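Understanding the architecture of this molecule
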Amino acid sequence: DFWRSSYDIDTFTSGAIIFNVDYMDKMKLAIYIPAYNAAHTVALVLDRIPAEIKDKVQEIFIVDNASVDSTYLTIVGYKVVNKEIEPKLTYIKNEKNLNYGGSQKLAYRYCIDKGYDAVVMLHGDAQYAPEEIPKLLEPIEKGEADLVYGSRIAGHPIKGGMALWRYFGNRVLTIIENLVLGLNLSEFHSGYRIYSCKALEKIPFDKCSDDMHFDSE
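Computed from a prediction, not measured in an experiment: that's the story for all the values here.

This brings us to the packing of aromatic side chains. Scanning the entire structure with this criterion turns up nine aromatic pairs. Through successive ring pairs, a cluster of aromatic residues spans Tyr-32, Phe-61, Tyr-108, Tyr-110, Tyr-195, Phe-205 and Phe-214.

This is the structure in structure tokens:
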């Protein structure tokens, strides 16, 4: 239940970051789950995705970044037991660890190539609450934003379990980054994100870092 009920929304809705995107009445949605040694958590993440989202989504794909544990066997077993989601659940195994940014590059290119309208990044370590996807998806569906952050800071991070040192470090870095970039985000370092794929098509994200700096870049 890590971070459950501790989210609010940050959106990019103005300036050079927003793109003029035409949204379909029925959005083609994908959920991307980056996973590394997530055998003990990935089934929980899948279970907690709301039923309404499981019905709406076209594909849930897991990108396993060369895990050395039994993540693969966990997914195989999950598909056998959960027949209703099996047709929508895809497993992609990287033969070598592409790092956090490299995994995202592969995932977003995959979504663009398959013609999806939006992609949710939901970490496989259960750090973020899948229950919040409907709330986070709303600005994308309405065409009000091309990128939505699930912000822990805008919610109740300490109550939700965030350590004080992490909270204060996050706040200081976010304040500095907002000043430099002219933004007003409550949290710059959230990995809980929903992207418009049409917006991603306009961004040369392949040139970004393959490591943890990918998100910030």
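Looking now at the layout of surface pockets. The method is simple in principle: a probe with the dimensions of a water molecule rolls over the atoms, and the space it marks as empty is what remains. Put simply, the largest pocket is a space of about 660 Å³. Considering the residues around the largest pocket, the lining is formed by 30 residues, among which Tyr-100, His-123, Gln-127, Met-212 and Asp-215 are closest to the centre. The element contributing the most residues to the lining of the largest pocket is helix H7 (residues 164-181), with four residues. The residue makeup of the lining of the largest pocket, split by class, is 11 nonpolar, 14 polar and five charged.

Attention now goes to helix H4 (residues 99-113). In a regular helix each residue adds 1.5 Å, so 15 residues correspond to 21 Å; H4 covers 21 Å between its end C-alpha atoms and thus fits that length. Every buried residue belonging to H4 is among Tyr-100, Gly-101, Gly-102, Ser-103, Gln-104, Lys-105, Ala-107, Tyr-108, Cys-111 and Ile-112, and all of these are buried. Of the residues trailing H4, Gly-115 is marked for its positive phi of about 75 degrees.

By the element assignment, Ala-43 lies in helix H1 (residues 42-48). Accessibility expressed as a relative area gives 23% for Ala-43, which makes it partly exposed. Each C-alpha atom of the pair Ala-43 and Ala-126 lies 9.3 Å from the other, and the pair is 83 residues apart in sequence. Residues contacting Ala-43, with those up to four places away along its chain left out, are Thr-74 and Tyr-78.

We now examine helix H5 (residues 133-141). For H5, the set of buried residues is Ile-133, Leu-136, Leu-137, Pro-139 and Ile-140. The buried residues of H5 occupy one face: seen down the axis, they fall within an arc of 150 degrees. Two residues or fewer past H5, Gly-143 is found with a positive phi of approximately 75 degrees.

This next bit is on a nonpolar patch on the surface. Together, Tyr-72, Leu-73, Val-76, Val-80 and Val-81 give the surface a local cluster of nonpolar side chains, amounting to about 490 Å² of exposed area. Mapped onto the fold, Leu-73 is located in helix H3 (residues 71-81). Accessibility expressed as a relative area gives 58% for Leu-73, which makes it exposed.

For the protein, mean pLDDT is 86; residues scoring 70 or higher make up 86% of the total. Low pLDDT, under 50, characterises residues 1-7; the predicted model gives this stretch 33 contacts beyond four residues in sequence or across chains. Low pLDDT (under 50) marks residues 13-24, which in the prediction has 25 contacts with non-local residues, meaning those over four places away or in another chain.

Here the focus is the pattern of salt bridges. Summed over the entire model, instances satisfying the criterion amount to six salt bridges. For Glu-141, the salt bridge goes to Lys-56, with nearest N and O atoms at 2.8 Å. Residue Glu-141 is found in helix H5, and its partner Lys-56 is found in helix H2 (residues 51-56); the two are separated by 85 residues along the sequence. In this structure Glu-141 comes out as partly exposed when scored by relative accessible area, which is 31%. Note on Lys-56: relative accessible area 29%, which makes it partly exposed. For Glu-59, the salt bridge goes to Lys-114, with nearest N and O atoms at 3.1 Å. Remark: Lys-114 occurs in the loop between H4 and strand S5 (118-121) and Glu-59 occurs in strand S3 (residues 59-64); sequence separation between them is 55 residues.

Reading the values: rules and limits
Residues numbered from 1 in each chain as written. Predicted model: local features only at pLDDT ≥ 70, side-chain atom pairs only at ≥ 80, totals over all residues. Heavy atoms only, no water. Phe/Tyr/Trp six-rings, centres within 6.5 Å; stacked < 30°, edge-to-face > 60°. 1 Å grid on protein atoms, 1.4 Å probe; cavity = no way out; pocket = protein on both sides within 12 Å on 5 of 7 lines; lining within 4 Å. Points joined across faces, edges and corners; volume = space filled by probe spheres on them. Helix = DSSP H or I, 4+ residues; strand = E, 2+ residues; numbered from the N terminus. Nonpolar A, V, L, I, M, F, W, Y, C, P; charged D, E, K, R; others polar. Expected span 1.5 Å × (residues − 1). Buried < 20%, exposed > 50% of the residue type's maximum accessible area, 1.4 Å probe, protein only. Contact = heavy atoms within 4.5 Å. Arc of directions from axis to C-beta. Patch = residues over 30% accessible without salt bridge, like charges linked within 9 Å, V, L, I, M, F, W, Y side chains within 5 Å. Areas by Shrake-Rupley, 256 points an atom, 1.4 Å probe, with all protein chains shown as cover. Salt bridge = Lys/Arg side-chain N within 4 Å of Asp/Glu carboxyl O. pLDDT = per-residue confidence, 0-100.

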